[in-house]
Amino acid sequence: MKVTIKGHKDQEISKIDPRIYGSFVEHLGRAVYEGIYEPGHPTANELGFRQDVIDAVNELNVPLVRYPGGNFVSGYNWEDGIGPRKDRPKRLDLAWRSVETNEVGLHEFMDWANQAGTEVNMAVNLGTRGADAARNLVEYSNHPGGTYWSDLRKENGAEEPFAIKTWCLGNEMDGPWQIGAKTAEEYGRLATETAKVMKLVDDSIELVLCGSSGSKMPTFGEWEYTVLEHAYDEVDYLSLHLYWQNFENDLPNYLAKSVEMDQFIKNVASICDAVKAKKGSEKTINLSFDEWNVWYHSTEADAKREPWDIAPPLLEDIYNFEDALLVGCGLITLLNNSDRVKIACLAQLVNVIAPIMTIKDGELWKQPTFYPFMQASNFGRGKVLDLRLDSPTYDSDEYKNVPYLESTAVLNEDEKEIVIFAVNRSEKDSMEVESIIEGFEGLSIIEATELADYDPKQTTQEKHDSMKIKENATFKTDGATVEGSFKPLSWNMVRLSYN
Ligand code: AHR
């Protein structure tokens, strides 16, 4: 199969907001306890955080982490997680039917985020609570001092404000499973009034309004339009959530699912713009894809669990190579929509549908999905170029005209680099690639790598180092044109420098 990738230095989609490489830590399963926090673990630091996890998060170069949920936040009292640990209540977490010890709360998570070099995207509870608890949390976190809540923060050990910039107005409020789920009208009003008081406390914050919890929700579209009609002037982003499954074990169809992600983004952006037009607003609402990933391997096991354990092993999907390819397609899709998607969070980060897994008292291991995320996050910084691809296509069970090649190119002017990311969806055919990106001189190859040659079902659960990014030696350049080959079922990265 032959493919040409064409582009020009001056034709770009957008500057990339680094927060597109965000992730998510929820009080769910072993994400917090036994995940980021395990005092007594051989690598635990003075605060009880696993240093091996922090090192792996650093390898992923995650600029933003959403916290503390997810479904969990809709029943959470943030005040339970502050003050002396001995006084903190143990509570039933109704979202995941577990027991929450509150050993880790706001201060501890902010400490962890500092140590991990990441920013926090804080969600407020709009399920069982509302504007009052939310404005108090903003005052506690961001106000310098001299008021009840800000002075309490100081008493609890944080002299300086946490300065949390990005906030989510609840979580998946359209979902019948959500604690305190609402109609679009109810949520639109509540989110507007909550946003108002939060911004009155600190007008530098940015707010994410809940969109639908999936594009297949019966209220999708109508929900977005209604909540935006209410909250447009008060908020900055609208959220999207998407989880992929391959219950049918249909690989061509599974790998095509990122096409649906692309359409979902474009549809939601259109709805935002329709409300903008109707209101005659100057402001554009951008998108926060604040939950996306594969999630289905653990569903059956989770359904069999008894409730009320502390940190039970929930949502521990064991990912395989085909999942890594689809996550790669997802990353490329987010980059190609970086004109509208400014925040995205791979859900989640540790143990719960995660690229990083930990063993209690033991080692950490990386899932196959770790590798595409790591490469995109480290090298996909700068601007996305607007490419022209002439890939052959296929039809799958659900999707028509799916390109075998999913690709994007990122221009990093600081480093004088162009980085091509690509997935070859074909199970049989290699892809002979010719890339012509005009406007650059003296191209040379820094490195060409691939994640390839694995069985689609191969995992890293038993042999933790059994999947590796390898060199792709086929790539060469004459200084203007770049040529090489992408193997069947492969994730690829080609880094080029220019003069
Ligand atoms: O990420 C797991 C769960 O998926 C989140 O708690 C929820 O928001 C979504 O349904």
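Residues numbered from 1 in each chain as written. Predicted model: local features only at pLDDT ≥ 70, side-chain atom pairs only at ≥ 80, totals over all residues. Heavy atoms only, no water.

Help me understand the packing of aromatic side chains in this model?
In total, this model carries 23 aromatic pairs according to the counting rule given. With a centroid separation of 5.9 Å and an interplanar angle of 65°, the aromatic rings of Tyr37 and Phe49 are classed as edge-to-face. You can see Tyr37 sitting in the loop between strand 3 (22–24) and helix 1 (51–60) and its partner Phe49 sitting in the loop between strand 3 and helix 1, a full twelve residues away along the chain. Here Tyr37 matches Phe49 in class, with each residue buried. When the ring of Phe475 is compared with that of Phe486, the centres are 5.5 Å apart and the planes differ by 40°; the resulting orientation is tilted. Note that Phe475 is positioned in the loop between strand 23 (470–471) and strand 24 (476–477) and Phe486 in strand 25 (residues 481–486), a separation of eleven residues in sequence. One aromatic cluster is present, formed by Trp78, Tyr140, Tyr148 and Trp149 through successive ring pairs. (Phe/Tyr/Trp six-rings, centres within 6.5 Å; stacked < 30°, edge-to-face > 60°. Helix = DSSP H or I, 4+ residues; strand = E, 2+ residues; numbered from the N terminus. Buried < 20%, exposed > 50% of the residue type's maximum accessible area, 1.4 Å probe, protein only.)

Is there a simple way to think about the nonpolar core in this case?
One recurring pattern in soluble globular proteins: nonpolar side chains tend to sit buried together. Ranked by size, the top nonpolar core spans 137 residues in total, and within it Trp112 and Phe289 carry the most contacts. It is helix 10 (residues 321–336) that provides the largest number of residues to this core, a total of ten residues. Residue contributions to this core reach at least three from each of two domains, namely domain 1 (2–9 + 384–497) and domain 2 (17–379). Counting 22 residues, the second-largest nonpolar core is a separate cluster that includes Leu385, Leu405, Ala409 and Val482. (Core = buried A, V, L, I, M, F, W, Y, C linked by side-chain atoms within 4.5 Å. Domains from an automatic or database assignment.)

Please clarify how the packing of helix 6 (residues 222–231) against helix 8 (residues 257–279) should be interpreted in this entry.
Any two packed helices are characterised by how steeply their axes cross, that is the angle between the axes, and by the distance between the axes. Close contact between helix 6 and helix 8 brings their axes to 10 Å; oriented N to C, the two are set at 40°. For the element pair helix 6 / helix 8, the angle class is oblique. Viewed along their axes, helix 6 and helix 8 form a crossing whose handedness is right-handed. Judged by residue contacts, Glu224, Tyr225, Leu228 and Glu229 of helix 6 engage Val268, Ile271, Cys272, Ala274, Val275, Lys278 and Lys279 from helix 8. For the contact of helix 6 with helix 8, the residue count by class is seven nonpolar, no polar and four charged. (Axes fitted to C-alpha atoms, helices over the stretch in contact; angles between N-to-C directions. Parallel < 35°, antiparallel > 145°, perpendicular 65-115°, else oblique. Left-handed = near helix turned anticlockwise from the far one by under 90°. Contact = heavy atoms within 4.5 Å. Nonpolar A, V, L, I, M, F, W, Y, C, P; charged D, E, K, R; others polar.)

Please clarify how the site of the ligand should be interpreted in this entry.
The environment of the ligand is made up of 13 residues, and the closest members are Glu26, Asn71, Glu172, Tyr243 and Glu291. Between the ligand and the protein, one listed contact pairs an oxygen atom with a side-chain N or O atom of Asn171 at 2.9 Å. Computed on the free molecule, the ligand has an accessible area of 280 Å², of which 96% lies beneath the protein chains in the complex. Across the shell around the ligand, the residue classes break down as six nonpolar, four polar and three charged. (Near = heavy atom within 4 Å. Polar contact = N/O pair within 3.5 Å; in protein donor to acceptor, adjacent residues only side chain to side chain. Areas by Shrake-Rupley, 256 points an atom, 1.4 Å probe, with all protein chains shown as cover.)

What is the right way to read the domain arrangement of the protein from this model?
How large an interface is tends to be reported as the accessible area lost when its parts come together. On domain assignment, one finds that the protein holds domain 1 (2–9 + 384–497) and domain 2 (17–379). Taking only C-alpha atoms into account, the centre of domain 1 sits 30 Å from that of domain 2. Contacts between domain 1 and domain 2 engage 37 residues on the former and 38 residues on the latter. A buried area of about 3,300 Å², summed over both sides, lies between domain 1 and domain 2, and 65% of it is on carbon and sulfur atoms. It is Tyr399, His464 and Trp491 in domain 1 that bury the most area against domain 2; as a group they hold 19% of the surface buried on that side. The interface formed by domain 1 and domain 2 includes two salt bridges. (Buried area = accessible area lost by both parts, 1.4 Å probe. Salt bridge = Lys/Arg side-chain N within 4 Å of Asp/Glu carboxyl O.)

Just to check I follow, could you spell out the pairing of strand 19 (residues 405–412) for this structure?
Regular strands show a simple pattern: their side chains alternate between the two faces of the sheet. The element strand 19 is extensively covered by neighbouring structure, given that eight of its eight residues are classed as buried. The alternating pattern of strand 19 places Leu405, Ser407, Ala409 and Leu411 and Glu406, Thr408, Val410 and Asn412 on opposite faces, both of which are buried. The pairing of strand 15 (residues 383–385) with strand 19 spans three bridges and is antiparallel. Following the sheet pairing, Val384 is matched in strand 19 by Val410. Bridge count for strand 19 against strand 20 (residues 417–424) is eight bridges, and the pairing is antiparallel. (Pairing = 2+ DSSP bridges.)

How should empty space enclosed by the protein be read in this particular structure?
Rolled over the atoms, a probe with the dimensions of a water molecule shows which regions are left empty. Scanning the entire structure with this criterion turns up three cavities of 30 Å³ or more. In this structure, the largest cavity occupies an estimated 140 Å³ of space. Listed by contribution, the elements that provide at least two residues to the lining of the largest cavity are strand 7 (119–124) and helix 3 (131–142). Here the lining of the largest cavity is composed, by residue class, of twelve nonpolar, four polar and one charged. (1 Å grid on protein atoms, 1.4 Å probe; cavity = no way out; pocket = protein on both sides within 12 Å on 5 of 7 lines; lining within 4 Å. Points joined across faces, edges and corners; volume = space filled by probe spheres on them.)

Help me understand unusual backbone geometry in this model?
Among all residues save glycine, negative phi is the norm, and among peptide bonds the norm is trans. The peptide bond linking Tyr67 to Pro68 adopts the cis configuration, its omega dihedral lying at 0°. Examined against the element boundaries, Pro68 turns out to sit in the loop between strand 4 (64–67) and strand 5 (91–93). The omega torsion of the bond from Gly69 to Gly70 falls at 15°, within 30 degrees of zero and hence cis. Of note, Gly70 is situated in the loop between strand 4 and strand 5. Positive phi is not limited to glycine here, since Asn102 has a value of about 65°.

Any chance you could explain the sheet that holds strand 24 here in plain terms?
Two modes of strand pairing occur in sheets, parallel and antiparallel, and in both the strands are linked by backbone hydrogen bonds. Strand order in this open sheet of five strands is 16-1-21-25-24, and the pairing throughout is mixed. One side of each edge strand has no neighbouring strand; the edge strands of this open sheet are strand 16 (388–389) and strand 24. Across two bridges, the pairing between strand 24 and strand 25 is antiparallel. Bridging across to strand 25, Thr477 finds its partner in Val482.

Please explain the environment of Ala131 as it appears in this structure.
Along the chain, Ala131 falls in helix 3. In the structure, Ala131 is positioned 64 residues away from Ala195 in sequence and 7.8 Å away in space, judged by C-alpha atoms. Setting aside residues no more than four positions away along its own chain, Ala131 makes contact with Glu193, Thr194 and Val197.

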